[in-house]
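Structural overview for review
Below, each chain spelled out in residue letters.
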Amino acid sequence: LDATLGNVSDLLVNVDVGQVIYVMLGSGGFLGIGESITAVPWDALTMSSGDSTMVLDMTAEELSSAPQLTVEDLPETVDPNWDANVRDWWLTRTSR
C-alpha cells in the first residue's frame, strides 16, 4: 500500500564530507504547527522510478515509533550520542 508519510522539511548534512546524513521528515500538524519531525537516515530511502518521490519502506504506525524531534531539539543533532541513538533505532528496525 502506497501512502504519503510526510514531507521532507529539511536535510541534515555532514559539512565535512558534503553528504546528506538525515532527511528530516515532517508529518502531521497544520502549516508546521504541531508537526512531528523524524530524522530518517539517507540510506533508508530510495527514489521511486519516474518521479521525484522518496520511498520509505514502513507504515505510518512504524514511523510514529521512530525517535521524534522538535525544532528546539535540532541543536542536539550535532551531539554524537544523538546520532548513535537514532542510528541504533533504525538499525534495530531493519534487522528484524
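Relevant structure appears above.
First things first, this report covers the structure right here in the doc. On a predicted model such as this, the values are computed, not experimentally measured, just so you know.

How each quantity is defined
Residues numbered from 1 in each chain as written. Predicted model: local features only at pLDDT ≥ 70, side-chain atom pairs only at ≥ 80, totals over all residues. Heavy atoms only, no water. Patch = residues over 30% accessible without salt bridge, like charges linked within 9 Å, V, L, I, M, F, W, Y side chains within 5 Å. Areas by Shrake-Rupley, 256 points an atom, 1.4 Å probe, with all protein chains shown as cover. Salt bridge = Lys/Arg side-chain N within 4 Å of Asp/Glu carboxyl O. Helix = DSSP H or I, 4+ residues; strand = E, 2+ residues; numbered from the N terminus. Buried < 20%, exposed > 50% of the residue type's maximum accessible area, 1.4 Å probe, protein only. Pairing = 2+ DSSP bridges. Core = buried A, V, L, I, M, F, W, Y, C linked by side-chain atoms within 4.5 Å. Contact = heavy atoms within 4.5 Å.

Details of a nonpolar patch on the surface
A surface patch of nonpolar side chains, about 470 Å² in accessible area, is lined by V8, L11, V13, V15 and W42. Along the polypeptide, V8 turns up in strand β1 (residues 7-14). Looking at V8, the relative accessible area reads 45%, which means it is partly exposed.

Digging into the sheet that holds strand β3 (residues 36-41)
Strand order in this open sheet of four strands is β1-β2-β3-β6, and the pairing throughout is antiparallel. The open sheet has two edge strands, β1 and β6 (68-69), and neither has a second partner. As defined by bridge partners, β3 adjoins β6 across two bridges and the pair is classed as antiparallel. When the sheet's bridge partners are listed, T38 is paired in β6 with Q68.

Here's the deal with the nonpolar core
In terms of nonpolar packing, the biggest core is built from 17 residues, with A39, L56, L63 and W90 touching the most fellow members. By residue number, the principal contributor to this core is strand β2 (residues 19-27), which donates four residues. The residues touching L63, leaving out its near neighbours within four places in the chain, are L5, L25, T38, L56, M58, Q68 and W90.

A word on the environment of V13
Its location among the elements puts V13 in strand β1. In this structure V13 comes out as partly exposed when scored by relative accessible area, which is 40%. Separated by 29 residues in sequence, V13 and W42 place their C-alpha atoms 10.0 Å apart. Residues contacting V13, with those up to four places away along its chain left out, are G18, Q19, V20 and I21.

Let's talk about the pairing of β2
In terms of strand pairing, β1 meets β2 through seven bridges, oriented antiparallel. Residue pairing in the sheet places N14 in a bridge with Q19 of β2. From the end of β1 to the start of β2, which pair antiparallel, there are four residues, and G18 there has a positive phi angle of about 65°.

So yeah, pure geometry; function would need other evidence.
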